[in-house]
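Here's the letter readout for the chains.
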Amino acid sequence: MSTPPRRERRRPEADVGDPERLYVITGGPDGAERAPLDLVTMIVARDDPSPTVQPEQAAILRLCRAPLSVAEISAYLSLPFSVVTALLTELLAAELVESRAPIVRAALPDRSLLEAVMHGLQKL
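Residues numbered from 1 in each chain as written. Predicted model: local features only at pLDDT ≥ 70, side-chain atom pairs only at ≥ 80, totals over all residues. Heavy atoms only, no water.

Student: Hey, could you run me through the packing of helix α4 (residues 70-77) against helix α5 (residues 81-93) in this one?
Tutor: The angle between the axes and the distance between the axes are what describe a pair of packed helices. For the pair α4 and α5, the least separation of the axes is 9 Å and the interaxial angle reads 110°. Relative to α5, α4 is oriented roughly perpendicular. The element α4 and its partner α5 pack so that their crossing is right-handed. Touching Val70, Ile73 and Ser74 of α4 are Phe81, Val84, Thr85 and Leu88, all from α5. Taken together, the residues of the contact of α4 with α5 sort by class into five nonpolar, two polar and no charged. (Axes fitted to C-alpha atoms, helices over the stretch in contact; angles between N-to-C directions. Helix = DSSP H or I, 4+ residues; strand = E, 2+ residues; numbered from the N terminus. Parallel < 35°, antiparallel > 145°, perpendicular 65-115°, else oblique. Left-handed = near helix turned anticlockwise from the far one by under 90°. Contact = heavy atoms within 4.5 Å. Nonpolar A, V, L, I, M, F, W, Y, C, P; charged D, E, K, R; others polar.)

And the structure:
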């Protein structure tokens, strides 16, 4: 009595270093400019994934229901930053995601100024 052959599962880690897979995901070097994204740029999905988007782009849209940084997306998908920026550039062009730079702490008003305004308003 013979046992049926066992199917091997693909390990997701094995594909990360595969340059052919990454080339296919990004569509190759088409010369198009990428969106000006950095590691801390926040991304949020505007819509649910449609059946026509790539699986990696659908994963990004599902992940970004709540805002995530590009670095977090890259880590969750185990994809290099450059591949994630290429995918996000396409999603931004299709208006499926929004991006915004993170709030720089120095750009916020000083706490003492806010407290002074608050106390002034309370005295009115």
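Student: How should I be thinking about the sheet that holds strand β2 (residues 68-69) in this particular structure?
Tutor: Neighbouring strands of a sheet are bound in pairs by backbone hydrogen bonds; such pairs are parallel or else antiparallel. Read across the open sheet, the three strands follow the order β2-β1-β3; overall the sheet is antiparallel. What marks the edges here is a single partner per strand, and that holds for β2 and β3 (97-100). The pairing of strand β1 (residues 42-45) with β2 spans two bridges and is antiparallel. Residue pairing in the sheet places Met42 in a bridge with Ser69 of β2. (Pairing = 2+ DSSP bridges.)

Student: Whenever I open this one, the nonpolar core confuses me. Can you help?
Tutor: Nonpolar side chains in soluble globular proteins tend to end up buried together. In terms of nonpolar packing, the biggest core is built from 19 residues, with Ile43, Ile60, Cys64, Ile73, Leu88 and Leu91 touching the most fellow members. What Ile43 contacts, discounting residues up to four positions off in sequence, is Leu37, Cys64, Ala66, Pro67, Leu68, Val70, Ile73, Leu88, Val97, Glu98 and Ser99. (Core = buried A, V, L, I, M, F, W, Y, C linked by side-chain atoms within 4.5 Å. Buried < 20%, exposed > 50% of the residue type's maximum accessible area, 1.4 Å probe, protein only.)

Student: Please explain the pattern of salt bridges as it appears in this structure.
Tutor: A side chain of one charge can pair with a side chain of the opposite charge if their charged atoms are brought near each other. A complete count under the given rule lists three salt bridges for this structure. Arg46 is paired through a salt bridge with Glu98; the nearest N and O atoms lie 3.1 Å apart. With Arg46 in the loop between β1 and α3 (55-63) and Glu98 in strand β3, the pair connects residues that are 52 residues apart, well separated along the chain. The partner of Glu115 in a salt bridge is Arg111, with the nearest N and O atoms 3.0 Å apart. Of this pair, Glu115 and Arg111 both sit in helix α6 (residues 111-123), four residues apart, which is roughly one turn of the helix. Among the residues examined, Glu115 registers a relative accessible area of 33% and is labelled partly exposed. Exposure remark for Arg111: the relative accessible area of 63% places this residue in the exposed category. (Salt bridge = Lys/Arg side-chain N within 4 Å of Asp/Glu carboxyl O.)

Student: I would appreciate a short explanation of the pairing of β1 in the present structure.
Tutor: Strand residues, when the strand is regular, have side chains that alternate between the two faces of the sheet. Side chains Ile43 and Ala45 project from β1 onto a buried face, and the interleaved Met42 and Val44 project onto a face without burial. Pairing geometry for β1 and β3, over four bridges, is antiparallel. Considered in β3, the bridge of Val44 is made with Glu98.

Student: Please clarify how a nonpolar patch on the surface should be interpreted in this entry.
Tutor: There is a patch of nonpolar side chains on the surface, built from Leu113, Val117, Leu121 and Leu124 and spanning about 460 Å² of accessible area. With respect to the element layout, Leu124 can be found in the segment after α6. Judged by relative accessible area, which is 83%, Leu124 ranks as exposed. (Patch = residues over 30% accessible without salt bridge, like charges linked within 9 Å, V, L, I, M, F, W, Y side chains within 5 Å. Areas by Shrake-Rupley, 256 points an atom, 1.4 Å probe, with all protein chains shown as cover.)

Student: Please explain the packing of α3 against α5 as it appears in this structure.
Tutor: It is at 10 Å that the axes of α3 and α5 come closest, and there the two elements cross at 75°. Taken as axis vectors, α3 and α5 run roughly perpendicular relative to one another. Here α3 contributes Glu56, Gln57, Ile60 and Leu61 to the contact with α5, which in turn contributes Leu87, Leu88, Glu90 and Leu91. Taken together, the residues of the contact of α3 with α5 break down into five nonpolar, one polar and two charged.

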